[in-house]
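Each chain is listed here by its residues.
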Amino acid sequence: MVESKTAWKRIVARALAAYIAEKGQDCAPPDPESVVLERPPKPELGDFGFPMFPYARLLRASPQAVATALAAIIARDPESHGRGEARAEGPYLNVRVARAAESARVLAAVADPTWGRTTSQAGHKVLIEFSSPNTNKPLHLGHLRNNALGESLSRILRAAGAEVRKVNHLNDRGINICRSMLAYLRYGEGRSPEDEGLKGDHFVGKYYVLFNKLKAEDPTAEVAAQELVRRWESGDPEIRALQERMNAWTFEGLKATYARTGISFDAYDFETETYEIGREEVLKGLARGVFYREGDGSIQIDLEDVGLDKKVLLRKDGTSIYITQDIGTAIRRHESWPYDRVVYVVGNEQQYHFKVLFEVLKRLGFDWARDLHHLSYGMVNLPSGRMKTREGTIVDADDLVDEVAAMAAAEIEAKGREESAGSVKEIAEKIALGALHYFLLHVAPVKDILYDPAASLSFTGDTGPYIQYMGARAASILRKHAAGEGNAVKGRADPALLEGDAEWGLVKLIAELPERIDQAAASMEPSVMAGYAHDLAAAFSAWYRDNPVLNCPDPNLAATRLELVRAVRRNLELASQLVCIPVLESM
Ligand code: ARG
């Protein structure tokens, strides 16, 4: 439909130019790009609708009259012949696309290796920072949403032609890791994660929780943890070594979770390596008068004119704070990889921080600072209210994936599907990720989510497993055909046989994939892609219920429907991949 859409915009623009010339009117004919094309609310009204209001105003005629005139002109335009028919219907010019020709075009396009790649973001270099955990504990449920958003958006932008760099910024220094370290010094007795049979990040997280116990026993614990921060900063080799050791344990654990959930990065930034680089930039900004020195000696910026407050950028003792490091990091990253856009995927509690950061970078005069985004997202809660306190009762990401996978395995077994499923464990893991990622991505990031594991796993309805299931149905039809079963082997596909309304609806939806990718990329909304995958699965399910494929008695119709199934499968694969839903051959 994409090609058809541009063709029809061109045809309508040309008709308008002819009409303007005919009327001897003195106005510029519209450029085809700017012609507004809508999807009629009901399929009976056609495939495309062109509202005539703007041209009516321009030409001082009624929209009905313009529509009627254009319909007549278009009927004489050779480019419209064989493409379909334009009709004046009220103030609209409605187009019914010639179905057979368009279906043939769409099926050929889907079979092309470049299908699913567009160019709407070509030329952009986008750095996407996501996950960015602290290294004192393992990932929690909120990170699963963060990771899914960052990974999915990266894939979508790449599909739309952008060059993308996925970066994880690990906050591996400061008070939190020192609290884990202090508890480890008191209770750890030199043990390692292996000694306790724990994953590295869980091991370090255990000591972070134990810090609370320590604090209860010893009121000086907090001061002692602060002292560790100072010793680390002054380069104390013993403390440096301990922190490195604990960070390495955590890092190893985090990487295992990323690998398990299909999340990857092109680069890792470590705060221990970046935390000092902002200071110099702040001092440069001070020298240039962008910032000022407050009476107490701290360096600040006054953002009251843009509705933000006065903000400290460097403490009076010259030490860095959270934002200092982000200023330096953004600048250094641009030096080593000159992006034109950055997307920070970070929870909505940091909205103020990023507003200030972006304003500071803009005032420092960097041209790339015009295109900085905070992809801010809401909380994820569990229905049982198991979320969330700072003290470690947060829902652990690994535990949650385990739990959802166990539920999926139980479901496979209860339905007696072990036979068709192959390795239950492997399939259950993929279903769990499909369930989780779809649930986390199908709503807009701004909204809070109540994650219901059981509902997310349903094989029917608005879920990831439903999409996986319909994809597996399609794959099974294709497999049977490849094994010589059914009537399609005796027939020849003929797109003219796809003229029925149900098939045509499906063809149109298949053809929309590139548009939806562009829309998801432009709005940075993975939910657009998740919604598309679901719509396609639902349309396929409805169509396939009423239309036998391999058992269709007419071999040519069977072969044609099979091609439709092939296109559905390909699109479900592509769309699923963009929203981190593993694709299954059978389930
Ligand atoms: N580690 C921080 C946290 O867990 C988030 C870091 C966000 N990224 C950044 N560049 N400031 O709260």
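How each quantity is defined
- Residues numbered from 1 in each chain as written.
- Predicted model: local features only at pLDDT ≥ 70, side-chain atom pairs only at ≥ 80, totals over all residues.
- Heavy atoms only, no water.
- Near = heavy atom within 4 Å.
- Polar contact = N/O pair within 3.5 Å; in protein donor to acceptor, adjacent residues only side chain to side chain.
- Areas by Shrake-Rupley, 256 points an atom, 1.4 Å probe, with all protein chains shown as cover.
- Helix = DSSP H or I, 4+ residues; strand = E, 2+ residues; numbered from the N terminus.
- Nonpolar A, V, L, I, M, F, W, Y, C, P; charged D, E, K, R; others polar.
- Pairing = 2+ DSSP bridges.
- Axes fitted to C-alpha atoms, helices over the stretch in contact; angles between N-to-C directions.
- Contact = heavy atoms within 4.5 Å.
- Phe/Tyr/Trp six-rings, centres within 6.5 Å; stacked < 30°, edge-to-face > 60°.
- Buried < 20%, exposed > 50% of the residue type's maximum accessible area, 1.4 Å probe, protein only.
- Lys NZ or Arg CZ within 6 Å of the ring centre and 35° of its normal.

### Points about the site of the ligand
Taken together, the residues surrounding the ligand are E129, S132, P133, N134, N171, Y322, D326, Y344, V346, Q350 and F354. Interatomic distance of 2.4 Å between a side-chain N/O atom of N171 and a nitrogen atom of the ligand. A distance of 2.7 Å is found between a nitrogen atom of the ligand and a side-chain nitrogen or oxygen belonging to Y322. Bound to the protein, the ligand loses 85% of the 350 Å² it would expose on its own. Counting residues per element, the ones that place at least two in the shell around the ligand are α13 (322-336) and β10 (341-347). Tallied by class, residues from the shell around the ligand come to 5 nonpolar, 4 polar and 2 charged.

### Some remarks on the sheet that holds strand β5 (residues 163-170)
Taken together, 5 strands build an open sheet; the order of strands is β6-β5-β4-β10-β11 and the sheet is parallel. Two strands in the sheet have a free side with no partner beyond their single neighbour: β6 (267-270) and β11 (372-377). Looking at each pair of strands side by side, their axes are set apart by 25° on average, direction ignored. As judged from the 5 bridges shared by strand β4 (residues 125-129) and β5, these two strands associate in the parallel manner. Bridging from a neighbouring strand, I128 pairs with K166 of β5. Contacting β10 and β11, helix α14 (residues 351-363) runs over the sheet at an angle of about 180° to β11.

### Concerning the environment of G197
Here G197 lies in the loop between α7 (193-196) and α8 (200-217). Between the C-alpha atoms of G197 and E294, which are 97 residues apart in sequence, the distance is 52 Å.

### Here's the deal with the pairing of strand β2 (residues 84-89)
As judged from the 6 bridges shared by β2 and strand β3 (residues 92-97), these two strands associate in the antiparallel manner. Among the inter-strand pairings, G84 is bridged to a residue of β3, identified as V97.

### Looking at the packing of aromatic side chains
To describe a pair of aromatic rings, you give the distance between the ring centres and the angle between the ring planes. According to the stated counting rule, one finds 22 aromatic pairs in the structure shown. Ring plane angle 80° and centroid distance 5.1 Å describe the contact between F439 and Y451, whose orientation is recorded as edge-to-face. On the criterion of sequence distance, the pair formed by F439 in helix α17 (residues 424-441) and Y451 in the loop between β13 (449-450) and α18 (453-456) is long-range, its members being 12 residues apart. Like Y451, F439 is buried. Among the aromatic side chains, those forming a connected cluster through ring pairs are F130, F251, Y258, F265, Y268 and F270. Taking NZ or CZ as reference, K213 lies 4.5 Å from the ring centre of Y187, over its face.

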